[in-house]
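So the chains spell out like this:
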Amino acid sequence: NAGVTQTPKFQVLKTGQSMTLQCAQDMNHEYMSWYRQDPGMGLRLIHYSVGAGITDQGEVPNGYNVSRSTTEDFPLRLLSAAPSQTSVYFCASSYSPPGTGFNGYTFGSGTRLTVV
Amino acid sequence: ELKVEQNPLFLSMQEGKNYTIYCNYSTTSDRLYWYRQDPGKSLESLFVLLSNGAVKQEGRLMASLDTKARLSTLHITAAVHDLSATYFCAAHADSNYQLIWGAGTKLIIKP
């Protein structure tokens with residue numbers, strides 16, 4: 001049982017480049033989300049999805065796109081990387097979204113992204 | 001808008017001592033979550049507090065929730081070095097599908 005798998009673990013981009021961070025889960029979780037973690041700021045929600053074909057913006061969505069074509073996969077796309085997007089990115093999933101029935105996330109191992 | 005504040009943000013303590021981390025939140029939320037993160041690692045769920053007065057304990061850690069005071073505490077009893085980590089609390093914003101996170105408390109326990 002792999003849980004939540006994120007790739008790559010590390011990435012260096014040049015300003016203006018685009019890339020996709022991959023996230024896959026094998027637990028049949030309906031809810032998936034992307035967070036960024038910056039020092040002293042906790043986790044901030046970028047985008048989330050409550051099921052295949054349904055996505056919505058979180059707290060800090062600018063500069064990022066997502067899609068959810070299958071239950072298992074939830075990739076995060078950086079359209080034109082900027083130094084302000086240097087961060088650690090976590091994918092998280094759960095059976096239910098936060099609210100009734102939510103008992104916490106399963107997190108991936110994270111992607112450390114540096115934009116130069 | 002829900003805001004979550006943790007304090008202290010940094011705590012250095014000796015093994016064997018007791019201490020408490022506080023998590024205050026600004027608007028109504030009846031669910032509170034605690035996570036642990038080791039350096040360079042992912043986040044691990046510690047406690048899920050689902051109602052007022054909820055208390056959960058695992059080993060040397062005990063978490064409680066007072067929804068009327070909008071306060072959760074994480075109490076460490078007789079700290080050991082292995083508990084060194086960053087601890088996060090998160091509350092659910094009732095109006096949407098989001099968790100709002102505290103900034104984290106970096107805990108260092110010295111032998």
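What comes next concerns the included structure. It should be emphasised that the depicted structure is a prediction, and the values quoted were computed from it without experimental measurement.

**As for the overall build of chain B**
Okay, so step 1: A tally of regular secondary structure across chain B gives zero helices and 11 strands.
Okay, so step 2: Tracing chain B from N to C terminus, the helices and strands come up as β-β-β-β-β-β-β-β-β-β-β.
Okay, so step 3: For chain B, the spread of C-alpha atoms along the principal axes amounts to about 45 × 30 × 20 Å.
Okay, so step 4: A burial count over chain B gives 46% of its 111 residues as buried.
Okay, so step 5: Sequence-distant contacts in chain B: of pairs separated by 6 or more residues, those separated by 24 or more amount to 53%.

**Brief notes about the pattern of salt bridges**
For side chains bearing opposite charge, pairing can occur when the charged atoms are close.
Okay, so step 1: Taken as a whole, this structure holds four salt bridges over all chains when the rule is applied.
Okay, so step 2: The closest approach of N and O atoms between R44 of chain A and D38 of chain A, which form a salt bridge, is 2.8 Å. An identical accessibility class is assigned to R44 of chain A and D38 of chain A; each is buried.
Okay, so step 3: A salt bridge links K3 of chain B to E1 of chain B, with the shortest nitrogen-to-oxygen separation between them at 3.7 Å.
Okay, so step 4: It is possible to trace a salt-bridge network through shared partners that takes in R36, D38 and R44 of chain A.

**So, unusual backbone geometry**
Okay, so step 1: Geometrically, the link from T7 of chain A to P8 of chain A is a cis peptide bond, its omega value of -5° lying close to zero.
Okay, so step 2: The residue P8 of chain A is located in the loop between β1 (4-7) and β2 (10-13) in this model.
Okay, so step 3: N7 of chain B connects to P8 of chain B through a cis peptide bond whose omega is 0°.
Okay, so step 4: Here P8 of chain B lies in the loop between β1 (4-7) and β2 (10-14).

**What about the interface of chain A and chain B?**
Okay, so step 1: Contacts between chain A and chain B engage 27 residues on the former and 19 residues on the latter.
Okay, so step 2: Counting the surface lost from both chain A and chain B, the interface buries some 1700 Å², and carbon and sulfur atoms represent 59% of this.
Okay, so step 3: Sorting the residues of chain A by area buried against chain B places L43, P98 and F107 of chain A first, and these three jointly supply 25% of that buried surface.
Okay, so step 4: Inspection of the region where chain A meets chain B yields zero salt bridges.
Okay, so step 5: The tally of links from chain A across to chain B stands at six residue pairs in polar contact (both at pLDDT 80 or more).
Okay, so step 6: Residue contributions to the side of chain A that touches chain B peak at four residues, all from strand β5 (residues 43-51) of chain A.
Okay, so step 7: A breakdown of the residues in the side of chain A that touches chain B according to their chemical character gives 13 nonpolar, 12 polar and two charged.

**Some points on the sheet that holds strand β3 (residues 19-25) of chain A**
Sheets are built from strands paired through backbone hydrogen bonds, the pairs being either parallel or antiparallel.
Residues and elements named next belong to chain A.
Okay, so step 1: As summarised here, the arrangement of the four strands in space is β1-β3-β8-β7, forming an open sheet in which the pairing is antiparallel. This sheet does not close on itself; its edge strands, each paired only once, are β1 and β7 (64-66). Averaged over all pairs of adjacent strands, the angle between their axes in this sheet comes to 20°, without regard to strand direction.
Okay, so step 2: In the sheet, β7 pairs with strand β8 (residues 76-78) via three bridges, with the strands oriented antiparallel. Paired with N65 across the two strands is R77, which belongs to β8.

**So, the environment of S49 of chain A**
Residue and element names in this part refer to chain A.
Okay, so step 1: Tracing the backbone through its elements, the reader meets S49 in strand β5.
Okay, so step 2: Accessibility expressed as a relative area gives 0% for S49, which makes it buried.
Okay, so step 3: Sequence separation between S49 and M32 is 17 residues; the distance between their C-alpha atoms is 5.3 Å.
Okay, so step 4: Excluding residues that lie within four positions of it along the chain, S49 makes contacts with E30, Y31, M32, I54, T55, R68 and F74.
Okay, so step 5: In this structure the side chain of S49 is engaged in a polar contact, spanning 2.7 Å, whose partner is the side chain of R68.

**A word on the side chain of Q98 of chain B**
Okay, so step 1: Note on placement: Q98 of chain B falls in strand β10 (residues 98-101).
Okay, so step 2: Not counting residues up to four positions away in its chain, the partners in contact with Q98 of chain B are L45, Y48, Q57, G58, E59 and P98 of chain A together with A91, H92 and A93 of chain B.

The rules behind each value
- Residues numbered from 1 in each chain as written.
- Chains lettered and ligands numbered in written order.
- Predicted model: local features only at pLDDT ≥ 70, side-chain atom pairs only at ≥ 80, totals over all residues.
- Heavy atoms only, no water.
- Helix = DSSP H or I, 4+ residues; strand = E, 2+ residues; numbered from the N terminus.
- Buried < 20%, exposed > 50% of the residue type's maximum accessible area, 1.4 Å probe, protein only.
- Contact = heavy atoms within 4.5 Å.
- Salt bridge = Lys/Arg side-chain N within 4 Å of Asp/Glu carboxyl O.
- Buried area = accessible area lost by both parts, 1.4 Å probe.
- Polar contact = N/O pair within 3.5 Å; in protein donor to acceptor, adjacent residues only side chain to side chain.
- Nonpolar A, V, L, I, M, F, W, Y, C, P; charged D, E, K, R; others polar.
- Pairing = 2+ DSSP bridges.
- Axes fitted to C-alpha atoms, helices over the stretch in contact; angles between N-to-C directions.

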